Amino acid sequence: MSERTIELEVLRYRPEQDQEPFFQTYKVPCEEEWVVLDALNYVKEEMDRTLSYRWSCHMFVCGSCGMMIDGEPKLACKAFLKDYPTGKIRVEPLSNFPIERDLVVVLDDFVEKLESVKPYIIPKEERTVEQGEYLQTPAQLKAFKQYTLCINCLCCYAVCPQYGLDESFVGPAALALAHRYNMDSRDLGRAARDDVVAAAEGIWHCSFVGACSQVCPKDVDPAGAIQQAKFAHGIDYLTSFLPGGKR
Amino acid sequence: MQVIEADVIIVGAGGAGLRTAIAVAEADPKLSIALLSKVYPMRSHTCAAEGGAAGVIKSNDNLEYHFHDTVSGGDWLTDQDAVDLFVNEIPKELLRMEHWGCPWSRETSGNVAVRPFGGMKIMRTWFAADKTGFHMLHTLFQTSIKYPSVKRFDEYYTVDLLTDDGACYGCTAIEMRTGQMRQFRGKAIVICSGGAGKIFPFTTNGAVKTGDGMAMAYRAGVPLKDMEFVQYHPTGLPGSGILLTEACRGEGGYLVNKDGYRYLQDYGLGPETPTPVLKAMELGPRDQLSQAFWHEQKKGRTIPTKWGDVVHLDLRHLGEKKIDERLPLIRELSAKYVDSDPVTTLVPVRPVVHYMMGGIHTDIHAATPLKGLYAAGECACVSINGANRLGSNSLGELLVFGARAGRGAAEYVKKGVRAPGERLDALAADSEARVKAWFQRTQASDRVPALKKRLTTAMEDGCGIYRDEATIKAACDIIVDVRERFKNVALEDKSSVYNTDLYQTLEMDAMIEVAQAVAVSALQRRESRGAHQRLDHVKRDDEAFLKHSMAHYNPNGEPRIDYLDVVITKSKPAERVYGARAGGQSAA
């Protein structure tokens, strides 16, 4: 494993001094097995203390370091330099979010949306600790498990054309999270979540481009979650016409 | 300076901080809660915990077993009253997590499943595949949203505690997006800021784990307890230090040296068996496994790599199905980071700094000696881990003692707390001046990254798996020098918005305090116990050192160390027994 130098082109924006964002290029000596985050850390420690970005775990689980890398939303800790053979890499903050500074984006909108879908168990039956656990078979677990794997890195929002056009859209990660609880055998909160999930800005806003699922670094399928939710609401609507329906 | 008031202020929004917040909200929904963190809750390092959380739930298990595993695992430096209530309360806490939606892995019956872990006599580790901490953190975060009294202050960097007349009344914190300092004023403060693995160069810990809360409490006069006990996890990926969970071995993985030999049988952990046996071989305790690596290295039986010597973790015999079901993250991390798919290939591993057994001194109610100040989670030392924590006890600890801290703080507030004096404003102003001074200094001769490298290298060289007087003293001297040089560093970034140069400098300030407490405590403990192994004092010495080290902050030099008796109720100190003599059952 040898060393090579890459050109890291980083979008800079410091609101106190920069009129508008600009690119700054750093020539970074890198180890062959590094990820983009290692190169950023090298810049921060050895070249430029003024560069700001978020990171922590360096193992694709904390979700801090989502950013655009050569135009695609990725985790910087999962973007291996060996996959960029030209040696020139462009790094920008996540698309579709306001820039707070450099590679740091403003997350308020997403956090509000996550909170709005009531992402917690609204129980079928209250249970005391003395009554022990809810039984949940591996098959019941599997029905929602993959939607629990979202790390809130927001790569899906950065690539979602609907969110790009209209930020009132609740968006992939928050809708997938609502679906995660709706599909949990311990939960009976779907109606309570529908205020947000089934509203115009909810699932019906998704045009099923599916880009969210393609870029997800954890292989979550938010597009699939939204389609399943639409289907469930379609069935509800149709059954409402049956005798005894809720219509 | 803007003043923000709350009844209970919580510093840190990882597993312990979120559990504390929920406990306060449930104890009394009328109490206002300010939950501060330098990162969004889901970024906290709880997310990186993999293997699971131990709690007695199955009919073949009982609380006494968990108690004895934990006490002997900690080489009798555990406080037995704390362990007793811990093992008693953790099953209920894990059930609460289940009720809150944690996606625990299940048996076909629908009951929660358990897996074997190191140093445990019975399988009792609840797990959610190999992402248990991640799922617990997200479950707690999402559940916390249910409670309107929990007001989060995400990306607020806490700088100093504010104390008056022997009690703690709040803290100063910087809103990171503006750079503005705020004064948080409360009646009870709970520190849940995590560990300090970043004082070492090679660690599983994320960037955030710089010991900020430990340093804050320490500077406010609360002793740091048993800081010399630093856990090396036996299986980290070389280079990155990424953790490969103990569950790899719980599920049946082998550790082999350069000859393909399962070397642990040479260190009192044998005999080797094809399928795992509890408390033997690869299911021995972490301290002993990391020490065995050190000896293999001395014997020339490890494998040299660019990133230092390694041994191999062999999971191939588990098969693809089991690996994908039980260890999917491990497969992904190994394949991506060291190009080794565990289904077909040996994975290189080496011991890596993982966890601080020591921390802010608390009693069993998570209360510190400073009135109104509580601490829970890795930043605290209530002494359930003693000289060596057993794997899967830390996720339980943050629940049990997070909940206790929350209930304790709520009760303390409800009893009525005297209002602080005017001194608080002056202290807040001092705190702001301390931060402003970083901005005002002009370029100095030393830079923070270089000093950090010096400090962390000194810790590895002086306070590693094996230590002696000379190596620790060398580390102590370097720390003194780094501390002196650090006084003159200047910020290179003078801006206000999300200034990570500032936060890394404040983190370095904390790291120096914590590193010094570790090194000086290690120097003065002239015995070998658990994770503290002295080449010049190779025996455990109960006569002199069956005691907790208490490091007291000294603004003018190295900390003063005194000692506190260990609480022993029913388990008299004895020899730790693993391998054949432990009589563990098969865990296959």
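Residues numbered from 1 in each chain as written. Chains lettered and ligands numbered in written order. Predicted model: local features only at pLDDT ≥ 70, side-chain atom pairs only at ≥ 80, totals over all residues. Heavy atoms only, no water.

## Details of the overall build of chain B
Stage number 1. Secondary structure assignment for chain B yields 15 helices and 23 strands.
Stage number 2. Relative to the 2.2 N^0.38 estimate, which gives 25 Å for 588 residues, the radius of gyration of chain B is 23 Å and therefore close to what a compact globule would have.
Stage number 3. Summarising its shape, the C-alpha atoms of chain B cover approximately 65 × 55 × 50 Å along the three principal directions.
Stage number 4. Evaluated residue by residue, chain B yields a buried proportion of 68% over its 588 residues.
Stage number 5. Pairs at least 24 residues apart make up 75% of the contacts formed inside chain B by residues separated by at least 6 positions.
Stage number 6. As displayed, chain B has an accessible area near 18,200 Å², and 50% of this comes from carbon and sulfur atoms. (Helix = DSSP H or I, 4+ residues; strand = E, 2+ residues; numbered from the N terminus. Rg over C-alpha atoms; globule rule 2.2 N^0.38 Å. Buried < 20%, exposed > 50% of the residue type's maximum accessible area, 1.4 Å probe, protein only. Contact = heavy atoms within 4.5 Å. Areas by Shrake-Rupley, 256 points an atom, 1.4 Å probe, with all protein chains shown as cover.)

## A short note on the pattern of salt bridges
Residue and element names in this part refer to chain B.
Stage number 1. For the coordinates displayed, the defined rule picks out 85 salt bridges over all chains.
Stage number 2. We note a salt bridge from Glu251 to Arg326, for which the minimum N-O separation is 2.9 Å. Pair noted here: Glu251 is in the loop between α6 (247–250) and β14 (254–256) and Arg326 is in helix α8 (residues 319–326), with a separation of 75 residues, a long-range link.
Stage number 3. A salt bridge links Glu527 to Arg525; the shortest N-O distance between them is 2.7 Å. An identical accessibility class is assigned to Glu527 and Arg525; each is buried.
Stage number 4. Look at the salt bridges and you will find they share partners, linking Asp75, Asp226, Glu228, Asp287, Arg525, Glu527, Arg529, Arg540, Asp542 and Arg576 into a network. (Salt bridge = Lys/Arg side-chain N within 4 Å of Asp/Glu carboxyl O.)

## Overview of unusual backbone geometry
Stage number 1. Of note, the amide linkage connecting B:Gly270 to B:Pro271 takes the cis form, showing an omega dihedral of 5 degrees.
Stage number 2. Tracing the backbone through its elements, the reader meets B:Pro271 in the loop between β14 and α7 (286–298).
Stage number 3. The phi angle at A:Leu154 is positive, at roughly 75 degrees, despite the residue not being glycine.
Stage number 4. Examined against the element boundaries, A:Leu154 turns out to sit in the loop between α3 (138–145) and α4 (155–159).
Stage number 5. For A:Leu154, a relative accessible area of 2% corresponds to the buried category.
Stage number 6. For B:Asp75, which is not glycine, the phi torsion reads 55 degrees and is therefore positive.
Stage number 7. For B:Asp75, the location among the structural elements is in the loop between α2 (63–73) and α3 (80–99).

## A few points about the packing of aromatic side chains
Residues and elements named next belong to chain B.
Stage number 1. Within the structure shown, the criterion is met by 19 aromatic pairs over all chains.
Stage number 2. Where Tyr218 meets Tyr553, the ring centres are 5.2 Å apart and the plane angle is 65 degrees; that geometry is what we call edge-to-face. Of this pair, Tyr218 sits in helix α5 (residues 212–219) while Tyr553 sits in the loop between β22 (547–552) and β23 (560–565), and the two are 335 residues apart along the sequence.
Stage number 3. Judged by its relative accessible area of 1%, Tyr218 falls in the buried class.
Stage number 4. Ring geometry for Tyr374 versus Tyr412: centroids 6.3 Å apart, planes at 65 degrees, classification edge-to-face. Of the two residues, Tyr374 sits in strand β18 (residues 373–375) while Tyr412 sits in helix α10 (residues 394–414), which places them 38 residues apart along the sequence. (Phe/Tyr/Trp six-rings, centres within 6.5 Å; stacked < 30°, edge-to-face > 60°.)

## Notes on the domain arrangement of chain B
All names here are of chain B.
Stage number 1. Each assigned domain of chain B is listed with its residue range as follows: domain 1 (2–231 + 355–422), domain 2 (238–352) and domain 3 (424–548).
Stage number 2. Here the C-alpha centroids of domain 2 and domain 3 sit 31 Å apart.
Stage number 3. In this assembly, six residues from domain 2 lie in contact with six residues from domain 3.
Stage number 4. Together, the buried faces of domain 2 and domain 3 total about 520 Å²; carbon and sulfur atoms form 68% of this surface.
Stage number 5. For the side of domain 2 that touches domain 3, the element with the highest residue contribution is α7, accounting for five residues.
Stage number 6. Broken down by class, the residue content of the side of domain 2 that touches domain 3 amounts to two nonpolar, three polar and one charged. (Domains from an automatic or database assignment. Buried area = accessible area lost by both parts, 1.4 Å probe. Nonpolar A, V, L, I, M, F, W, Y, C, P; charged D, E, K, R; others polar.)

## Remarks on the sheet that holds β22(B)
All names here are of chain B.
Stage number 1. Reading across the sheet, the five strands line up as β19-β17-β12-β22-β23 and stay open at both edges, with mixed pairing between neighbours. Two strands bound the open sheet, and with one partner strand each, they are β19 (380–381) and β23.
Stage number 2. Sheet topology note: the β22/β23 ladder contains six bridges and is antiparallel. If you follow Ala551 over to β23, its bridge partner there is Ile561.
Stage number 3. Packing of α5 onto the sheet brings it into contact with β12 (224–225), β17 (359–361) and β22, and relative to β17 it is tilted by some 35 degrees.
Stage number 4. Along the sheet face, helix α14 (residues 500–524) touches β12, β22 and β23 and points at about 65 degrees away from the line of β23. (Pairing = 2+ DSSP bridges. Axes fitted to C-alpha atoms, helices over the stretch in contact; angles between N-to-C directions.)

## Thoughts on the environment of B:Ala207
Stage number 1. Within the secondary structure, B:Ala207 is located in the loop between β11 (188–191) and α5.
Stage number 2. Its relative accessible area of 15% is what places B:Ala207 among the buried residues.
Stage number 3. Sequence separation between B:Ala207 and B:His45 is 162 residues; the distance between their C-alpha atoms is 8.8 Å.
Stage number 4. Non-local contacts of B:Ala207, meaning those with residues more than four positions away in its chain, are made with A:Trp55, A:Ser56, B:Lys198 and B:Glu507.

## Some details on the sheet that holds strand β3 (residues 66–69) of chain A
All names here are of chain A.
Stage number 1. Here five strands make up an open sheet; going across it, the order is β2-β1-β5-β3-β4 and the pairing mixed. For this open sheet the edge positions go to β2 (22–31) and β4 (72–75), each flanked by a neighbour on one side alone. Along the sheet, successive strands turn relative to each other by an average axial angle of 35 degrees, direction set aside.
Stage number 2. Sheet analysis places β3 next to β4, joined by four bridges and oriented antiparallel. Residue pairing across strands places Ile69 opposite Glu72, the latter belonging to β4.
Stage number 3. The sheet strands contacting helix α1 (residues 36–47) are β1 (3–12), β2, β3 and β5 (88–92), and the helix crosses β2 at an angle near 100 degrees.

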